[in-house]
Amino acid sequence: MPRINSPAELEEFRRAILSKRDDKRPCITLCSGSACHATGSEKVADAIMAELESHGLKDQVDVRRTGCHGFCEQGPILVVYPEGISYLKVKPEDVCEIVSHTFKEKKLVERLLYVDPNTGDKSSHEHDIPFYKNQQRLILGLNTKIDPKSLEDYLAVGGYQAMAKALLQMTPEQVIGEVKQAKLRGRGGAGFPSGTKWEFARNAPGDQKYVVVNCDEGDPGAYMDRALMEGNPFTVLEGLLIGAYAIGASEGYIYVRQEYPLAVDNLTVAIREAEEHGFLGKNILGSGFDFTVKVHRGAGAFICGEETSLLQSLEGKPGEPKPRPPFPAVRGLWGKPTNINNVETWANIPVIINKGAEYFSSIGTESSKGTKVFSLVGKVNNTGLVEVPMGMPLRDIIFKIGGGVPNGKKFKAVQTGGPSGGCIPEEYLDVKVDFDELMKMGAMMGSGGMIVMDEDTCLVDIARYFLEFLSDESCGKCVPCREGIRQMLKVMTAITQGKGKEGDIELLENMAMATQGAALCALGKTAPNPVLSTLKYFRHEYEAHIKEKRCPALSCKELIAFHIEPAKCKGCGSCLRKCPANAIEGGKKTIHVIDQEKCTKCGTCIEACPAAFQAISKLSGVPVPEPPAPSARALA
Amino acid sequence: MCMDIAKIDNIIDKHNAEQSSLIQILLDIQSEHNWLPKQALDRVGERLDVPMSRIQHITTFYKAFSQVPKGRHQIHVCMGTACHVRGAQRVLDTISDAIGIKAGETDAELKFSLETVNCLGCCALGPVMVIDGEYHGNVAPAQSAEVLKNYE
Ligand SMILES: Cc1cc2nc3c(=O)[nH]c(=O)nc-3n(C[C@H](O)[C@H](O)[C@H](O)COP(=O)(O)O)c2cc1C
Ligand code: SF4
Ligand code: SF4
Ligand code: FES
Ligand code: FES
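Residues numbered from 1 in each chain as written. Chains lettered and ligands numbered in written order. Predicted model: local features only at pLDDT ≥ 70, side-chain atom pairs only at ≥ 80, totals over all residues. Heavy atoms only, no water.

- As named in an unreviewed UniProt entry, chain B is NADH-ubiquinone oxidoreductase chain E, taken from Citrifermentans bremense.
- The record held by UniProt for chain B lists under Sequence similarities (unreviewed entry) the comment "Belongs to the complex I 24 kDa subunit family." (UniProt positions renumbered as here; feature names shortened; annotations may be inferred.)

- Chain A appears in an unreviewed UniProt entry as NADH-ubiquinone oxidoreductase chain F from Citrifermentans bremense.
- As stated in UniProt under Sequence similarities (unreviewed entry), the record for chain A gives "Belongs to the complex I 51 kDa subunit family."

In structure tokens form, the structure reads like this:
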């Protein structure tokens, strides 16, 4: 591979790549992101190869394996170009028809198209599907166009243009000025202005400086950093290079959680290719700028996402946070000035340099510019990654893009910001999502997890869940966090088990305040947020648990019972066959009965009971009715 | 179990026996053996010249490390928020009942190890469990226990 020594050579190289490409040439793009991989995209890929071979089309059709497209719910996703026809939930056995119909006869395979569950309308192209139509995919969009292992693909869509521009046409101060003017705020959680942070690191005294990518992504239920790193490691790397130039760093680290092996693989390839082409190393593009980068795998600890811990971990130590100041910008890795940003933050940089601060800051709200990728998950029809301009109302994200709550259930709340965030109830669905509005709601942007909950989700249990997570993940260094979370968890667990006492709510509030005030790092300081926000909006649910020993959502295991209504039971035996605990008694043409002692409350029987009968229900706060005497169970 | 010290040395050499690569070295050993045998830790301590107390601190601090052997089959149940709201706890409880061990444990015959994880990145399929690297999405509790019967 040739080393590229100047922007002119880069453009020449790009032209050579583009001249080999033909927009009209047929191409199959197959999503191979984590979710699609799990639903069998590997087998679909094999089938595509075999099918093309057997039709003698192998040299006429390109096949491209990409990272996550976002609409994971509908995977594996296959897109046929040049038309851009989008096929969903593709199975290996569908490939034959796709090749013969779509490629040979130019016809659609109707059954693989998206069908709007509300209107029954079919969409043949990605941009017609409501899930995509209402998004603005500034960052994620490229995922669908490139193979994450192909530098050529990235160059074909304009890759490394921003780096060339920054390195050769801009001074470091101008780059920082552009980022400041764009008003980019960090996407890792707190939303600190990135340009300002860069400036601190640039102005900090010291010859050796470092830049770091934070891809620890410990937030449960969020996976956008993963999708970006796996699907488009180039953009993150390009952003990092530009930042390093602006700050004056000659070395960078990419901290990736070890649970993301594909991200590590793709990144490693991207780095190797960049080295071979001279995008890393000495005198990049003849600009005089030198930069090298290393990948560091995390070893599984949520606290390692916190920047001071992450730096400890990079040095090969246990990831325990340190008090700030001094901030990493002044004294970071090995005591040197260090700038650390989230994956998505870095990925925004090439966009800002290419399109300019003015374009970037025209998107979003007054205080939050650009787009944000959310992981829209939980009880929502269209689960996946969505990228929207800042300021889009929650309602539009959840209902227009997400398609609302499945199975005719009622929307109850949405949890944003992960363990440091909070729950937002239905009456505030029109809030415009940006850093400050969410904060006002007692929630948070966090990394962008958005977990939708329906009437079956118990908010008290959700708050308990986050405390349990944080109690496991607290590094234990400071007492307020270690003990505060543990004690709150104890009280919360008792409440969800029906052992709550009068005064528990006030006790929780006190402990929450103390922990917030006294913990050393943000993990401890924000740990009470889920408790406080659920107390604020769902206090009545706490009270039902404590005073009536009742779980209104019929979810807390200790407070519910499963019951077969004798009048509805048709004796079909479906529940009995499925019950893993052998807790159901019955026989042919007899009313079935649940042995409450044996029942583990797994819920299988409810799903097993035919929809036409619906004989099984959940009870809470009321005694389970006595079953009919054995002699009275026979059905006519 | 017999340890291949040459293999451990290889891993250490790959990282130039640098102290700062301690975590990376332990990760490589862990993925080779599925756990960290005492002998391997001794060797790492010796070659990197770091005290055993620091190695112990690292191996207990980070979740990726295990100092006990793992079972032949590794079950990971996702307990991330998305999976949690879709009933992951019931899946975990049912599996736990079926194989008689709790999360974080390995059974006496070294057949299964049961672990929980926080988000596998395919929340759309929740609840998700992974057995020996194979993903099972939208699993119902009873079905999860059923699947385990296929493992020897
Ligand atoms: C407990 C804890 C966990 C965190 N986890 C992450 C993480 O997984 N990824 C991330 O980018 N930032 C995480 N952060 C935020 C980082 O400390 C830091 O603010 C961020 O990486 C800065 O990048 P930004 O300016 O681009 O947002 C975490 C913070 C805390 C307190
Ligand atoms: S607040 Fe918690 S996580 Fe942070 S330093 Fe204290 S104990 Fe560790
Ligand atoms: S909830 Fe589960 S254990 Fe209880 S009766 Fe139903 S299937 Fe059996
Ligand atoms: S992994 Fe294929 S769409 Fe997300
Ligand atoms: S929460 Fe289970 S895969 Fe994301």
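Having seen it, we continue.
Thoughts on the overall build of chain A
Item 1. Looking only at helices and strands, chain A features 23 helices and 19 strands.
Item 2. The C-alpha atoms of chain A give a radius of gyration of 27 Å, which matches the 26 Å a tight globule of 636 residues would have.
Item 3. A principal-axis box enclosing the C-alpha atoms of chain A has dimensions of 90 × 70 × 40 Å.
Item 4. Classification of the 636 residues of chain A by burial places 59% in the buried group. (Helix = DSSP H or I, 4+ residues; strand = E, 2+ residues; numbered from the N terminus. Rg over C-alpha atoms; globule rule 2.2 N^0.38 Å. Buried < 20%, exposed > 50% of the residue type's maximum accessible area, 1.4 Å probe, protein only.)

A look at the UniProt feature "binding site: [2Fe-2S] cluster" (unreviewed entry) in chain B
Residue and element names in this part refer to chain B.
Item 1. The UniProt record annotates "binding site: [2Fe-2S] cluster" (unreviewed entry) at Cys 78, Cys 83, Cys 119 and Cys 123. Spanning 46 residues, the named residues nonetheless gather at one spot, since no C-alpha pair among them exceeds 9.1 Å.
Item 2. Assignment of secondary structure puts Cys 78 in strand β1 (residues 73-78).
Item 3. Not counting the four nearest positions on each side in its chain, Cys 78 is found in contact with Cys 83, Ala 88, Val 117, Asn 118, Cys 119, Leu 120 and Val 128.
Item 4. Summarising the element assignment, Cys 83 is placed in helix α5 (residues 81-85). (Contact = heavy atoms within 4.5 Å.)

A look at the interface of chain A and chain B
Item 1. Of the residues lining the interface, 57 residues belong to chain A; the matching set on chain B comes to 38 residues.
Item 2. A combined buried area of about 3,700 Å² lies between chain A and chain B, and 58% of that area is made up of carbon and sulfur atoms.
Item 3. Its largest share of buried area at the contact with chain B, chain A owes to Arg297(A), Ala299(A) and Tyr465(A), together 17% of the area lost on that side.
Item 4. One salt bridge connects Arg297(A) with Asp28(B), and the closest N-O pair in it is separated by 2.9 Å.
Item 5. Linking chain A with chain B are 20 residue pairs in polar contact (both at pLDDT 80 or more).
Item 6. Sorting the residues of the side of chain A that touches chain B by element identifies α2 (34-38), β9 (292-298), α13 (307-314), β11 (371-378), β15 (449-454), α17 (459-473) and α23 (604-608) of chain A as the ones contributing at least two each. (Buried area = accessible area lost by both parts, 1.4 Å probe. Salt bridge = Lys/Arg side-chain N within 4 Å of Asp/Glu carboxyl O. Polar contact = N/O pair within 3.5 Å; in protein donor to acceptor, adjacent residues only side chain to side chain.)

Thoughts on helix α3 (residues 41-54) of chain A
Residue and element names in this part refer to chain A.
Item 1. Helix length check: α3, at 14 residues, gives a terminal C-alpha distance of 20 Å against a target of 20 Å (1.5 Å per residue), a fit within 8%.
Item 2. Looking at the buried residues of α3, the elements they touch are β1 (27-31), α2, β2 (62-66), β3 (78-81) and α4 (95-104).
Item 3. With its phi angle positive at about 65 degrees, Gly 56 sits one or two positions after the end of α3. (Expected span 1.5 Å × (residues − 1).)

Re the pattern of salt bridges
Item 1. Evaluated as defined, the whole model comprises 49 salt bridges over all chains.
Item 2. Among the charged side chains, a salt-bridge network with shared partners connects Asp9(B), Asp13(B), Arg43(B), Glu46(B) and Arg47(B).

Things to note about the packing of aromatic side chains
To describe a pair of aromatic rings, you give the distance between the ring centres and the angle between the ring planes.
Item 1. Evaluated as defined, the whole model comprises 18 aromatic pairs over all chains.
Item 2. With a centroid separation of 5.6 Å and an interplanar angle of 55 degrees, the aromatic rings of Tyr428(A) and Tyr537(A) are classed as tilted. Of this pair, Tyr428(A) sits in the loop between β14 (422-425) and α16 (435-440) while Tyr537(A) sits in helix α21 (residues 529-547), and the two are 109 residues apart along the sequence.
Item 3. On the accessibility criterion, Tyr428(A) (36% relative accessible area) is partly exposed.
Item 4. On the numbers, 4.9 Å between centres and 75 degrees between planes, the contact of Phe61(B) with Tyr62(B) is edge-to-face. (Phe/Tyr/Trp six-rings, centres within 6.5 Å; stacked < 30°, edge-to-face > 60°.)

Concerning the layout of surface pockets
Item 1. Considered as a void within the structure, the second largest pocket measures approximately 1,600 Å³ in volume.
Item 2. The wall of the second largest pocket is formed by 49 residues, among which Lys379(A), Val85(B), Arg86(B), Gly87(B) and Arg90(B) lie closest to the centre.
Item 3. Taken together, the residues of the lining of the second largest pocket sort by class into 19 nonpolar, 13 polar and 17 charged. (1 Å grid on protein atoms, 1.4 Å probe; cavity = no way out; pocket = protein on both sides within 12 Å on 5 of 7 lines; lining within 4 Å. Points joined across faces, edges and corners; volume = space filled by probe spheres on them. Nonpolar A, V, L, I, M, F, W, Y, C, P; charged D, E, K, R; others polar.)

Notes on the packing of helix α1 (residues 5-14) of chain B against helix α3 (residues 38-48) of chain B
Residues and elements named next belong to chain B.
Item 1. Where α1 meets α3, the closest approach of the two axes is 10 Å, and the angle between their N-to-C directions is 45 degrees. By the angle between their directions, the pair α1 and α3 is classed as oblique. For the pair α1 and α3, the sense of crossing is right-handed. Listed contacts from α3 to Ile 5, Ile 8, Asp 9, Ile 12 and Asp 13 of α1 are Ala 40, Arg 43, Val 44, Arg 47 and Leu 48.
Item 2. Broken down by class, the residue content of the contact of α1 with α3 amounts to six nonpolar, no polar and four charged. (Axes fitted to C-alpha atoms, helices over the stretch in contact; angles between N-to-C directions. Parallel < 35°, antiparallel > 145°, perpendicular 65-115°, else oblique. Left-handed = near helix turned anticlockwise from the far one by under 90°.)

What to know about the site of ligand 3
All names here are of chain A.
Item 1. Around ligand 3, 13 residues are found, and the nearest of them are Cys 579, Cys 599, Cys 602, Gly 603 and Cys 605.
Item 2. For ligand 3, the cavity whose grid points lie within 2 Å of the majority of its atoms is the largest cavity.
Item 3. Split by residue class, the shell around ligand 3 holds nine nonpolar, three polar and one charged. (Near = heavy atom within 4 Å. Sits in = over half its atoms within 2 Å of the grid points.)

Looking at the sheet that holds β3(A)
Residue and element names in this part refer to chain A.
Item 1. Ordered by their spatial adjacency, four strands build an open sheet running β2-β1-β3-β4, and the pairing between neighbours is mixed. The open sheet is flanked by β2 and β4 (85-87), the only strands paired with a single partner. With strand direction ignored, the average angle separating the axes of adjacent strands in the sheet is 20 degrees.
Item 2. The sheet contact formed by β1 and β2 spans five bridges and is parallel. Considered in β2, the bridge of Ile 28 is made with Val 63. (Pairing = 2+ DSSP bridges.)

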